[in-house]
Amino acid sequence: MTGFARGDRAGVPWLGWTCGTCRFCTRGQENLCDNARFTGYTLDGGYAEYVTADARYCFRIPAGYDDIEAAPLLCAGLIGYRALAMAGGAKRLGLYGFGAAAHIAAQVARHGGQDVYAFTRPGDDTGQRFALSLGAVWAGGSEVRPPQALDAAIIFAPVGALVPAALSATAKGGVVICAGIHMSDIPAFPYALLWGERTLRSVANLTRRDGEAFFAIAAETRIRTSVRPYALADANVALADLREGRIEGAAVLTP
Ligand SMILES: [Zn+2]
């Protein structure tokens with residue numbers, strides 16, 4: 001094993017193993033590996049008290065974060081970071097769906113000098129206040145146009161109708177990034193929303209390079225994660241609360 005010593009805290013992310021030989025791995029896109037294995041899905045662990053993991057895919061947890069605070073960095077934090085990288089340093093950055101991923105991405109974006117515009121479910125005043133408390137320059141419902149056109153938007157909510165909404169809030173040359181694994185159908189929209197060299201794309205998984213870059217930032221600036229711990233036996237309660245939007249930030253299962 002390299003990179004870790006006995007007693008080090010190791011973070012085990014979603015991407016647990018890649019083949020290193022497929023056409024995606026060999027061109028630096030191991031996040032798209034045809035043979036990838038994922039923690040808690042095709043690899044045991046994740047929803048468990050003990051886990052074995054391939055050290056090459058694990059990350060060192062920076063000092064200053066306790067275990068529960070660090071947990072969301074490994075999932076929500078990493079996917080949010082890759083989406084943020086796709087936004088290419090956009091000055092005016094919209095985040096649609098202000099949950100676990102967005103609340104971390106907002107802080108990283110702000111650290112990088114970007115202005116965050118947070119879009120929540122219509123009427124979600126609590127969510128909007130939460131976004132402003134984390135440094136967003138503006139917060140409003142997803143049905144509202146922001147005061148200025150965005151340079152990029154990331155959609156974290158699994159709601160297809162947000163795609164035309166985000167495109168119409170985005171300036172020429174801007175990019176709209178879908179960061180969820182699933183999304184409801186995207187409704188038809190006029191080509192004019194895409195015209196002007198706007199780009200629409202998705203983001204999948206992470207590469208180890210993303211993780212290293214992200215944890216370097218987490219070590220440099222203290223990211224505040226909002227967490228609600230649940231006992232491992234209450235995993236289904238946590239999932240139900242998440243589905244119903246009853247969690248601010250991230251749910252964390254503890255063994
Ligand atoms: Zn591969």
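Residues numbered from 1 in each chain as written. Predicted model: local features only at pLDDT ≥ 70, side-chain atom pairs only at ≥ 80, totals over all residues.

Engineer: Teacher, can you tell me more about the domain arrangement of the chain here?
Structural biologist: Size of an interface, as often reported, equals the accessible area lost when the parts are brought together. For the chain, the assigned domains are domain 1 (10–76 + 206–254) and domain 2 (86–202). Placing a centre on the C-alpha atoms of domain 1 and another on those of domain 2 gives a separation of 23 Å. Across the contact, twelve residues belong to domain 1 and eight residues belong to domain 2. Grouping the constituent residues of the side of domain 1 that touches domain 2 by class yields six nonpolar, four polar and two charged. (Domains from an automatic or database assignment. Contact = placed C-beta atoms within 7 Å. Nonpolar A, V, L, I, M, F, W, Y, C, P; charged D, E, K, R; others polar.)

Engineer: What is the right way to read the nonpolar core from this model?
Structural biologist: Taken as a class, soluble globular proteins show a tendency for nonpolar side chains to be buried jointly. Counting residues in hydrophobic clusters, the biggest one holds 71 residues, and the most contacted among them are Leu95, Ala105, Ala118, Ile154 and Ile155. Of all the elements, helix H3 (residues 100–111) adds the most residues to this core, at eight residues. Viewed by domain, this core spans two of them, domain 1 (10–76 + 206–254) and domain 2 (86–202), each represented by three or more residues. If near-sequence neighbours (up to four positions away) are discounted, Ile154 is found in contact with Ala83, Ala87, Leu95, Tyr96, Ala105, Ile177 and Ala179. (Core = buried A, V, L, I, M, F, W, Y, C linked by C-beta atoms within 7 Å. Buried ≥ 20, exposed ≤ 12 C-beta atoms within 10 Å, placed from the backbone. Helix = DSSP H or I, 4+ residues; strand = E, 2+ residues; numbered from the N terminus.)

Engineer: Honestly, H3 in this entry has me stumped. Any pointers?
Structural biologist: An α-helix turns once per 3.6 residues; consequently, residues spaced three or four apart project the same way. With twelve residues, H3 should cover 16 Å at 1.5 Å per step; its first-to-last C-alpha distance of 18 Å lies within 8% of that length. Summarising burial for H3: ten of the twelve residues are buried, a large majority. Within H3, the full set of buried residues consists of Ala100, Ala101, Ala102, His103, Ile104, Ala105, Ala106, Gln107, Val108 and Ala109. Positive phi shows up at Gly113, right after H3, with a value of about 85°. (Expected span 1.5 Å × (residues − 1).)

Engineer: I'm lost on the pairing of strand S6 (residues 115–120) in this one. Help?
Structural biologist: Strand residues, when the strand is regular, have side chains that alternate between the two faces of the sheet. By the criterion of burial, S6 is predominantly enclosed, with five of the six residues buried. Here five bridges tie strand S5 (residues 92–96) to S6, and the two strands are oriented parallel to one another. Looking at S6, one finds that Leu93 is bridged to Val116. For the crossover from S5 across H3 to S6, the handedness is right-handed. Taken together, the four bridges between S6 and strand S7 (residues 138–141) define a ladder with parallel strand orientation. Opposite Ala118, over in S7, you have Ala139 as the bridge partner. Once you follow S6 into helix H4 (residues 125–133) and on to S7, the crossover reads as right-handed. (Pairing = 2+ DSSP bridges. Right-handed = clockwise from strand over helix to strand, strands pointing away.)

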